[in-house]
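Working through the structure, step by step
One-letter residues, chain by chain:
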Amino acid sequence: MKLPFVQTFGFHSDNFIKPPGVLSKELEQHKAQKNRQRLWLLTLVREDKELLITTAVLGLFIAAVSMAMTVFSQRLIDHILPGKNNVKILGGIALVAFLLAVRGYDRPTRA
């Protein structure tokens, strides 16, 4: 006698209970497939290792430049401007111009 749930959704006890040999074979196939996928990914990474390292270094540099702009703005407002030190103000403006030029250089121009 089949239960209504089993009849409705097509679940049979044969699908849930498998002999031990079949389960271990499926598990071995799954592990082998995962291993092939891992090796495939490692092959791709090895081929482009230099490009990935360069991209990561440039990404860190751009993040540092962006962070430097934030820190500099805070220092400018909190310490340099209230101190009325013209040399520091002009040096700060030159540094900001340099950082903006470097930051603008990494972005492609739009046509």
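Residues numbered from 1 in each chain as written. Predicted model: local features only at pLDDT ≥ 70, side-chain atom pairs only at ≥ 80, totals over all residues. Heavy atoms only, no water.

Right, let's talk about the overall build of the chain for a bit. Looking only at helices and strands, one finds 5 helices and 0 strands in the chain. When the elements of the chain are put in sequence order from the N terminus, they spell out α-α-α-α-α. (Helix = DSSP H or I, 4+ residues; strand = E, 2+ residues; numbered from the N terminus.)

Next up on the list: the nonpolar core. If you look at the biggest cluster of nonpolar residues, it comprises 7 residues: Val65, Met69, Phe72, Ile80, Ile89, Val96 and Leu99. Ranked by residue count, the leading element in this core is helix 4 (residues 49-83), at 4 residues. (Core = buried A, V, L, I, M, F, W, Y, C linked by side-chain atoms within 4.5 Å. Buried < 20%, exposed > 50% of the residue type's maximum accessible area, 1.4 Å probe, protein only.)

Right, let's talk about the confidence of the model for the chain for a bit. For the chain, mean pLDDT is 77; residues scoring 70 or higher make up 71% of the total. Averaged pLDDT values over the elements of the chain bottom out at 52 in helix 1 (residues 4-9) and peak at 85 in helix 3 (residues 20-47). (pLDDT = per-residue confidence, 0-100.)

This paragraph deals with helix 4. In this model helix 4 runs 49 Å from its N-terminal to its C-terminal C-alpha over 35 residues, within 8% of the 51 Å that 1.5 Å per residue would give. For helix 4, the principal kink sits at Leu76 and spans about 45°. Among the residues making up helix 4, those that are buried are Val65, Met69, Phe72 and Ile80. Taken from the residues just after helix 4, Lys84 is the one with a positive phi, measuring 55°. (Expected span 1.5 Å × (residues − 1). Bend = angle between axes of the 7 residues up to and from the residue.)

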